[in-house]
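Architecture and fold: a report
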There are 2 protein chains.
Amino acid sequence: MEISIISIGNEVLKGHTSNSNYTFIARQSTLMGNHVRRGYTVSDDPAEISWALGDALSHSDLIITTGGLGPTYDDMTLESIAGALNLSLENNSDAMEMLRKRMLPRNIPLTQERMKMAVLPKGSEPVFNPVGSAPGVLITHNGRQILCLPGVPQEMEAIFNSIRERFQNSDLHYYEESLEFPGIMEGEMAPLIKEEMKKLGDRLYIKSHPLSGSGSGYSVMLEISSYNEDYSEARKLVKEELELFRKTFGKKDQ
Amino acid sequence: MEISIISIGNEVLKGHTSNSNYTFIARQSTLMGNHVRRGYTVSDDPAEISWALGDALSHSDLIITTGGLGPTYDDMTLESIAGALNLSLENNSDAMEMLRKRMLPRNIPLTQERMKMAVLPKGSEPVFNPVGSAPGVLITHNGRQILCLPGVPQEMEAIFNSIRERFQNSDLHYYEESLEFPGIMEGEMAPLIKEEMKKLGDRLYIKSHPLSGSGSGYSVMLEISSYNEDYSEARKLVKEELELFRKTFGKKDQ
């Protein structure tokens, strides 16, 4: 499954808040055997949200958005998506029930602003938010899926985890290992990585990351990963390849 | 100045590495009076890099990229940008001098892979990297600027900081304050925020962030910011507005 991630919100766009939501979603999506295709960070502006959604729909099976589901004037995600997909917005009785279930026991009045969180694009499936108010929203449109999650990290993770099985890739498995090579510079590894990628690039992915550029303290983190129909095959390929690098660049204590 | 940020690299795209570079660049750009317009996260693939660059050039004065400047086979940023802008790649003698300055005192041989870091799009200005090898690269093209920074955070920050004065907005200043309101829910503040934004939205920006959705421990972080030609005017507007919210929603101890 090809996945794109749209991060919505001025606080993330301006760098006031770090985008840990992106990292979580991208990492979990990858570990479930999917390919993350593109990430977008946009403001709370319907034109910007529509632009990102339109681009993502042109190449991805699943688009996951974070942010913009709350009760304030600039929570525009659902309105923008409805507009972009030409869907009407309507009161969703399941979403309203979820809001009641969260708010009534806490004596929180269901004001007009809060009821907005139950106004969803027609045909949406609300997903219960066990740690906050705004439900997640799953929209199926022309064979693609759009999952809208809140921007508060704990809420986003709880909703994602509650339906993650649906996004497990049943055809492909992902395996990855990383190993640090102290005292090695990226440039030393470059020729072998290039050679191996030429030979095995359709089955393996090898990436080096310099960990520090300062003087003699340099070090390379090598990451080797594989997508394969067979999990043990992916694991075997990665381990064999890592062994080659360990033999070539590893210190005795590794 | 309108700024877009392109984060290049499979490790960031897949969520293996958190995108702290984005947060740093977006935050610093904002504090210097600029508007961050869009963020893109793409793989180490020339077609993907070109797509993001093409889109960013259609609306931004400065495009800042991170990642893909190193010596390995998948460091494709400069090649991709040269291709997208129809510029030739050539050995840049200033960049080569920078590489020598970093490498020779450390007895690091200037291999073919490493010399690749001095092959820049024609007309580029290399920017010395004080903590690593790959120089930053500044390209001016049809009145727009493209600043390419390495992906290693310490190197990215050092290069950015060495030329940050050039990206200071001389016409606009930014001022921002945040205040936490414990025991307040976002929905309670929504009507006043909406009303105030209607009245002052052209001079101020007010944003609420729920800090926790769990039971009685909820809390709202309110952020008020302003761009203004006059720094003291921006500061005054923000402080007056914050005072209104403090009076309305603040506890006695605030």
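Cut-off values and rules
- Residues numbered from 1 in each chain as written.
- Chains lettered and ligands numbered in written order.
- Predicted model: local features only at pLDDT ≥ 70, side-chain atom pairs only at ≥ 80, totals over all residues.
- Heavy atoms only, no water.
- Least-squares fit on C-alpha atoms with pLDDT ≥ 70 in both.
- Contact = heavy atoms within 4.5 Å.
- 1 Å grid on protein atoms, 1.4 Å probe; cavity = no way out; pocket = protein on both sides within 12 Å on 5 of 7 lines; lining within 4 Å.
- Points joined across faces, edges and corners; volume = space filled by probe spheres on them.
- Nonpolar A, V, L, I, M, F, W, Y, C, P; charged D, E, K, R; others polar.
- Pairing = 2+ DSSP bridges.
- Helix = DSSP H or I, 4+ residues; strand = E, 2+ residues; numbered from the N terminus.
- Axes fitted to C-alpha atoms, helices over the stretch in contact; angles between N-to-C directions.
- pLDDT = per-residue confidence, 0-100.
- Salt bridge = Lys/Arg side-chain N within 4 Å of Asp/Glu carboxyl O.
- Buried < 20%, exposed > 50% of the residue type's maximum accessible area, 1.4 Å probe, protein only.
- Expected span 1.5 Å × (residues − 1).
- Bend = angle between axes of the 7 residues up to and from the residue.
- Polar contact = N/O pair within 3.5 Å; in protein donor to acceptor, adjacent residues only side chain to side chain.
- Core = buried A, V, L, I, M, F, W, Y, C linked by side-chain atoms within 4.5 Å.
- Phe/Tyr/Trp six-rings, centres within 6.5 Å; stacked < 30°, edge-to-face > 60°.
- Lys NZ or Arg CZ within 6 Å of the ring centre and 35° of its normal.

**Some thoughts on the relation of the copies chain B and chain A**
- When chain B is fitted to chain A, the best match, at an RMSD of 0.0 Å, comes from turning it 180° and sliding it 0.0 Å along the axis. Both copies of the chain, as the preceding transformation shows, are related through a two-fold rotation axis. Relative to the rotation axis, the closest C-alpha in chain B is found at B:Tyr40, a distance of 2.4 Å.
- The overlap is high: 100% of the interface residues of chain B also sit at the interface in chain A, so the same surface is used on both sides.

**Digging into empty space enclosed by the protein**
- Scanning all chains against the criterion turns up one cavity of 30 Å³ or more.
- Considered as a void within the structure, the largest cavity measures approximately 80 Å³ in volume.
- Considering the residues around the largest cavity, the lining is formed by A:Ser7, A:Asn19, A:Tyr22, A:Gly39, A:Tyr40, A:Thr41, B:Asn19, B:Tyr22, B:Gly39, B:Tyr40 and B:Thr41.
- Looking at side-chain class alone, the lining of the largest cavity contains four nonpolar, seven polar and no charged residues.

**Considering the sheet that holds strand S2 (residues 35-42) of chain A**
- Overall, mixed pairing links the twelve strands, which are arranged S6(A)-S7(A)-S8(A)-S3(A)-S1(A)-S2(A)-S2(B)-S1(B)-S3(B)-S8(B)-S7(B)-S6(B) in an open sheet. Edge positions in the sheet fall to strand S6 (125-127) of chain A together with strand S6 (125-127) of chain B, since each has one partner strand and no second. Ignoring which end each strand starts from, the neighbouring axes of this sheet average 15° apart.
- Bridge count for strand S3 (residues 62-66) of chain A against strand S8 (residues 144-149) of chain A is five bridges, and the pairing is parallel. Looking at the pairing, A:Ile63 lines up with A:Ile146 of S8(A).
- Of the strands in this sheet, strand S3 (62-66), S6, strand S7 (136-141) and strand S8 (144-149) of chain B are in contact with helix H7 (residues 153-163) of chain B, which crosses S8(B) at around 145°.

**Quick word on the confidence of the model for chain A**
- The share of residues in chain A with pLDDT of 70 or more is 96%, and the mean pLDDT across the chain is 93.
- On the interface metric, ipTM, the complex scores 0.93, and its pTM is 0.94.

**A word on the pattern of salt bridges**
- What the rule picks out here adds up to 28 salt bridges over all chains.
- Across the pair B:Lys236 and B:Glu240 runs a salt bridge whose closest N-O atoms are separated by 3.7 Å. Of the two residues, B:Lys236 and B:Glu240 are both situated in helix H9 (residues 231-249); the distance of four residues between them amounts to about one turn of the helix.
- Residue classification places B:Lys236 among the partly exposed positions, given a relative accessible area of 45%.
- Using a relative accessible area of 47% as the deciding quantity, one classes B:Glu240 as partly exposed.
- In the salt-bridge network here, residues are joined through shared partners; they are A:Glu11, A:Asp44, A:Asp74 and B:Lys207.

**Description of helix H8 (residues 186-200) of chain A**
- With 15 residues, H8(A) ought to run about 21 Å at 1.5 Å a step, and its terminal C-alpha atoms sit 20 Å apart, in line with that.
- The largest bend along H8(A) measures about 25° and falls at A:Leu192.

**A few points about the environment of B:Leu200**
- Counting through the fold element by element, B:Leu200 comes out in helix H8 (residues 186-200).
- Separated by 139 residues in sequence, B:Leu200 and B:Asp61 have C-alpha atoms that sit 27 Å apart.

**Remarks on the environment of B:Arg164**
Residues and elements named next belong to chain B.
- For Arg164, the position within the fold is in the loop between H7 and strand S9 (173-182).
- Using a relative accessible area of 21% as the deciding quantity, one classes Arg164 as partly exposed.
- Along the sequence, Arg164 and Glu241 sit 77 residues apart, while their C-alpha atoms lie 30 Å from each other.
- Contact partners of Arg164, with chain neighbours within four places excluded, come to Gln28 and Met32.
- Side chain to side chain, Arg164 and Gln28 meet in a polar contact 2.8 Å long.

**Here we look at the nonpolar core**
- Counting residues in hydrophobic clusters, the biggest one holds 61 residues, and the most contacted among them are A:Ile6, A:Ile146, B:Ile6 and B:Ile146.
- In this structure B:Ile6 touches B:Tyr40, B:Val42, B:Ala52, B:Leu53, B:Ala56, B:Ile63, B:Ile64, B:Thr65 and B:Thr66, once residues within four positions along its chain are discounted.

**Considerations on the packing of aromatic side chains**
- A complete count under the given rule lists 13 aromatic pairs over all chains for this structure.
- Ring centres of A:Trp51 and B:Trp51 lie 6.4 Å apart, and the angle between their planes is 0°; this geometry places the pair in the stacked category. Of this pair, A:Trp51 sits in helix H3 (residues 46-57) while B:Trp51 sits in helix H3 (residues 46-57), placing the two residues on different chains. You'll find A:Trp51 and B:Trp51 in the same group, each marked buried.
- Considering the side-chain rings of B:Phe24 and B:Phe160, the 5.6 Å spacing of their centres and the 80° angle between planes classify their relative orientation as edge-to-face. Of this pair, B:Phe24 sits in helix H2 (residues 20-31) while B:Phe160 sits in helix H7; the two residues are 136 residues apart in sequence, bridging distant segments of the chain.
- A residue is classified by how much of its surface remains accessible, and B:Phe24, at 17% relative accessible area, is buried.
- A residue is classified by how much of its surface remains accessible, and B:Phe160, at 0% relative accessible area, is buried.
- Put simply, the rings of A:Tyr40, A:Trp51, B:Tyr40 and B:Trp51 touch in pairs and so form one group of aromatic residues.
- Against the face of A:Phe128 rests A:Lys101, its NZ or CZ located 4.6 Å from the ring centre.

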